Structure formats: C-alpha cells, structure tokens
Amino acid sequence: MVGSVIVHNNNIIGEGWHTKAGKPHAEVNAIASVKDKQLLKEATIYVSLEPCSHFGKTPPCSDLIIKEGIPNVVIGTVDPFSEVAGRGIKKLIEAGCNVTVGVLEDECNDLNSRFFTYHTQKRPYIILKWAQTKEGFLAPESKDEVAPVWISNTYAKQLVHKWRSIEDAILVGTNTVLADNPSLTTREWAGKNPTRIVLDKSLRIPTHTEIYNKDVKTIIITEKETGNKNNIYFENIDFTNNVAKQICSILYKHGIQSIIIEGGAQTLQTFINENLWDEARVFTGNTIFEKGIKAPHINKPFTQQKQILDNQLHIYKNK
C-alpha cells in the first residue's frame, strides 16, 4: 500500500498509488499523471515507501525518478524487503537527488504493517479475535446443540466477516471446529475467503465437516503423517513445545502475510503466552452465561474502544 504525490512550487501536479501487485507502482502512476513533464525537473516527489531499485514485476522506480530529473525525494519509510532495503535510497543519492527519509514514518509503517512483519520477522501479522460475555466467558460450560453460541450482535458479526475478507488467513483449534462446525468464510461480506488454518493434533475432526470442503484452501496442522489432496494441505509440528512459533514458520512458508486467530481459548492463549501477536480485537456482548470457558487474558491496556450498538469492541496493540 504505497502512495505518491508530486509537488511544484507548493502545488500538487501529480499523484498516484499502487493499485495491485504486478501493476505500476505509486511513483510511476504519479509521474504519468503530470501533464507538463518539464516541471518535474523543479519538483519534489513524496512517497510513503522507499522507491524500488530492482527489476521485479515492474522496472525500478528509482531509475524512473532519476531519468525524469526529479531533484527532491521525500520518503516515509525504508523498504524492509531484502531486494530493496536502502538500495533505492542509495541509488537516488548517488545520482545527485536530495533525499529526505523518515517523514511520518510511524504512519507509513502502519500502512504496511503486514508486509513489514512478514519480511522482518519471517511470520504473518497476527490478529487475535474473540467475543466474550459481560463476565468474561468465551463459551458456555456445555451446550445442547452443535451450533455456534453467539455473544456478539449481527453488526459485529458482519464486521468480523469484513476483516476476514481483508486478511490472508484465519485459524481455529480442534475444539472450535468440533463444537461449531464453522465454514470460516466471508458469507456476511463481499470479498475473498481467507485460507483456513486448523489445528488438529490427532486428526479428530471428521472429514464431513465444513472445513474439509474443497471451496477454500485449507491447511491442517497435525502430528499425523498424511498426504495433501483436494485443496487440503497437511503440515506436521511438535505439539509439545513452542506451538505458536512452529505455526508461524508454516504460515511464512505458505506466503501468508496476515492471519486472524479466532479460537478457541487455549489456541488464543498459546499465542499470547508465546508473545506472538500484533493486535487483539475483543468484543464484549450483553450475554450472561454464569458458568463457562474463561476468555484469554491480555496484560495490556486497550488502545482503542468502539461501540457497536450494544457491543463494546476493545482493540489492543502489542508494541
């Protein structure tokens, strides 16, 4: 997610953004939008991410800036991708450009937190999500039917499906699937379905459940040896040690840059205990269970609070 603006004598003469992987980058679109290209030789180009210096799916943006003779370049943040990582800045400086780096750096980093986390920490950006009752229960102690017990309201549910359409993957544990038989798709919102990640140590989940349909790529993390088939992939880990860390390695291997961990309580707490999370989104509904499964515990103050009708949404950041 990169944006670029070109300014001449305090007037914006061009702007552009990166619309899709493989398409022209923000700087290319911004330069192309300038009607009088002669003004570029006296202009400043602002870009939220360091201009690339290598031939990937598109030519190097730093070469284009140099070719057009733009003298001033203001960059929000350095690109952590190993193929760039300061090389674009170095090339611009060596060509005689006046380069400024680190303007609105935190805001620019937030724009690409998923991309940055993936390349710097070799794991996806991890979002924990759950709904809890007023007394802090995640689920009732027992229930009479095989169906989800809804704590949050309809609008909160729709928001969660919107989140699913934005992120690369969604993860749940065995007990969540056995209790609720979820499809883990974006039924309440237009958009792509996330890759489904399911923890099933002993392969207890029946193959007739929703997660075994062929509609969406699904990765089953288990200790049992088994082959891949019908858009279902099996990955083995050791469930006795550093489970969250091993899961992150598998997700990185599959190119997953972001994931929502949706449950259950033990799975969520595992990621909290191993300190492998970036954000937590916690709904509190008006439901009362009196007895139940305790929600995970985060020993941090929330950074944001939102009201969704009669539900509260608290957002935590793990800085």
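You'll find the protein entered in an unreviewed UniProt entry as Riboflavin biosynthesis protein RibD, with Neptunitalea lumnitzerae given as the organism. According to its UniProt record, the protein has this under Function (unreviewed entry): "Converts 2,5-diamino-6-(ribosylamino)-4(3h)-pyrimidinone 5'-phosphate into 5-amino-6-(ribosylamino)-2,4(1h,3h)-pyrimidinedione 5'-phosphate."

### Comments concerning the sheet that holds strand β12 (residues 258-263)
Spatially, nine strands are ordered β11-β10-β9-β8-β12-β6-β13-β16-β15 in an open sheet, and the strand pairing comes out mixed. Either end of the sheet is taken by a strand with one partner, and the two such strands are β11 (232-236) and β15 (304-308). Going across the sheet, the axis of each strand differs from the next one's by a mean of 20°, ignoring polarity. Sheet topology note: the strand β13 (residues 279-284)/strand β16 (residues 311-317) ladder contains six bridges and is antiparallel. Bridge assignment links F283 to a residue of β16, and that residue is L313. Of the strands in this sheet, β6 (125-132), β8 (169-172), β12, β13, β15 and β16 are in contact with helix α6 (residues 154-166), which crosses β13 at around 160°.

### Side note on unusual backbone geometry
Cis geometry is adopted by the peptide bond preceding G264, which originates at G263 and carries an omega value of 0°. Inspection of the secondary structure assignment puts G264 in the loop between β12 and α9 (265-273). Positive phi is not limited to glycine here, since L184 has a value of about 60°. Assignment of secondary structure puts L184 in the loop between α7 (174-180) and β9 (195-199). By relative accessible area, L184 is classed as buried at 2%.

Thresholds applied
Residues numbered from 1 in each chain as written. Predicted model: local features only at pLDDT ≥ 70, side-chain atom pairs only at ≥ 80, totals over all residues. Heavy atoms only, no water. UniProt positions renumbered as here; feature names shortened; annotations may be inferred. Pairing = 2+ DSSP bridges. Helix = DSSP H or I, 4+ residues; strand = E, 2+ residues; numbered from the N terminus. Axes fitted to C-alpha atoms, helices over the stretch in contact; angles between N-to-C directions. Contact = heavy atoms within 4.5 Å. Buried < 20%, exposed > 50% of the residue type's maximum accessible area, 1.4 Å probe, protein only.

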